[in-house]
Amino acid sequence: MTPLNILYQDEHLVAVHKPAGLLVHRSALARGETEFLLQRLRDQLGKRVYPVHRLDRPTSGVIVFALSSAVAGLLSEAFSERQVEKRYLAVVRGKAPESERLDYPLREEDGTRPKAEMPAMPAMTDIRLLDSVELPVQVDRYPVARYSLVEARPMTGRRHQIRRHLSRRGYPIIGDAKHGKSVHNRFFADQMGAPRLLLAATYLAFDHPLLDKRVQLSCALDDTMIALFNQLGWAGHLPLDSARTPPIATPSALQAL
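Residues numbered from 1 in each chain as written. Predicted model: local features only at pLDDT ≥ 70, side-chain atom pairs only at ≥ 80, totals over all residues. Heavy atoms only, no water.

The protein is annotated in an unreviewed UniProt entry as tRNA pseudouridine synthase C from Halomonas alkaliantarctica. Under Function (unreviewed entry), UniProt gives the following word-for-word description of the protein: "Responsible for synthesis of pseudouridine from uracil-65 in transfer RNAs." What UniProt states about the protein under its Catalytic activity (unreviewed entry) heading is, verbatim, "uridine(65) in tRNA = pseudouridine(65) in tRNA". (UniProt positions renumbered as here; feature names shortened; annotations may be inferred.)

Draft legend 1. Broad picture of the environment of E98. With respect to the helices and strands, the residue E98 is situated in the loop between strand 5 (85–93) and strand 6 (99–103). You can call E98 exposed: its relative accessible area is 56%. Distance from E98 to A123, taken between C-alpha atoms, is 20 Å for residues 25 residues apart in sequence. Non-local contacts of E98, meaning those with residues more than four positions away in its chain, are made with I127, R128 and L129. (Helix = DSSP H or I, 4+ residues; strand = E, 2+ residues; numbered from the N terminus. Buried < 20%, exposed > 50% of the residue type's maximum accessible area, 1.4 Å probe, protein only. Contact = heavy atoms within 4.5 Å.)

Draft legend 2. Just the pattern of salt bridges, in detail. Inspection of the entire model under this criterion finds 14 salt bridges. Its salt-bridge partner being D56, residue R163 comes within 3.4 Å of it at the nearest N-O pair. Taken together, the positions of R163 in helix 3 (residues 161–169) and D56 in the loop between strand 3 (50–51) and strand 4 (60–66) put the pair 107 residues apart, joining distant regions of the chain. Per residue, the accessibility class of R163 equals that of D56, and both read buried. Among the ionic pairs, D207 bridges to R214, the shortest N-O distance being 3.0 Å. Members of the salt-bridge network, linked through shared partners, are E85, R87, R128, E151 and R153. (Salt bridge = Lys/Arg side-chain N within 4 Å of Asp/Glu carboxyl O.)

Draft legend 3. Broad picture of the packing of aromatic side chains. Counted by the stated rule, this structure contains four aromatic pairs. Note on F187 and F188: the rings are 5.7 Å apart at their centroids and 85° apart in plane angle, and the pair reads as edge-to-face. Considered together, F187 and F188 belong to a single accessibility category, that of buried residues. Against the face of Y203 rests R87, its NZ or CZ located 4.0 Å from the ring centre. In this structure, R168 is placed above the aromatic ring of Y104, and the distance from its NZ or CZ to the ring centre is 4.4 Å. (Phe/Tyr/Trp six-rings, centres within 6.5 Å; stacked < 30°, edge-to-face > 60°. Lys NZ or Arg CZ within 6 Å of the ring centre and 35° of its normal.)

Draft legend 4. Quick look at helix 1 (residues 37–45). Turning to helix 1, its buried residues number three or more, namely L37, L38, Q39, R40 and L41. Elements that come into contact with the buried residues of helix 1 comprise strand 2 (13–18), strand 3 and strand 4. A positive phi of about 75° marks G46, the residue just after helix 1.

Draft legend 5. Looking closely at the nonpolar core. Judged by nonpolar contacts, the single largest core of 49 residues is most densely connected at F65 and F206. Setting aside its immediate chain neighbours within four residues, F206 contacts L13, V64, L75, Q83, V84, K213, R214, V215 and L217. The next biggest cluster of nonpolar side chains, apart from the first, holds 21 residues, and it includes Y147, F188, A194 and L221. (Core = buried A, V, L, I, M, F, W, Y, C linked by side-chain atoms within 4.5 Å.)

As structure tokens, this is what we get:
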């Protein structure tokens, strides 16, 4: 089995590139599954790891685990209190707006009861158009097909938030079987070599819970999305693997700036 790509590691936490299609850990929705990111990382490191946040199964990209339960608690609190900066890249149908805040409350989808019975929770996602393309093919009812590369920054952490927000705004993510449109999904699978959800977590930044530094992580795309970006002329937007840990700026240092 191919080793996981470790983006950053110290004595308290580790960040890796989660492959698309891999569940993070066991859950009630994972009946019959035998492979999980948590177990693969544990076996690769030879030590226990503790989940801090989640990525949907079809989403690829950067994800952080703690190396102790105490650090997991601190990091989980930072995520729940929106102290973590997250960025995603998504390929969507249509010509997306230059920039917009999507502020649509969302009902939870945890499977414990019908979604209609769940309360609507506040949810915000900032989106920004990075690039677009018009293909001279009729995929749907129009003679040409337009697609956009969007950067999404979720301000909250609802389940499937980016997928649901973009779909509701009219720009579903390609490869989204639940919230997208099958004709475009099939076109990308059959003609573009991209038979998966085209959503990747490419950036994560947070204050280290124990060390006086900011952790800034960038994650490259997988082979499928790299090939697609090259095909669509979007190679200039490809992120690279990197990890930066600048010291946390104190109030006095900020004043000096």
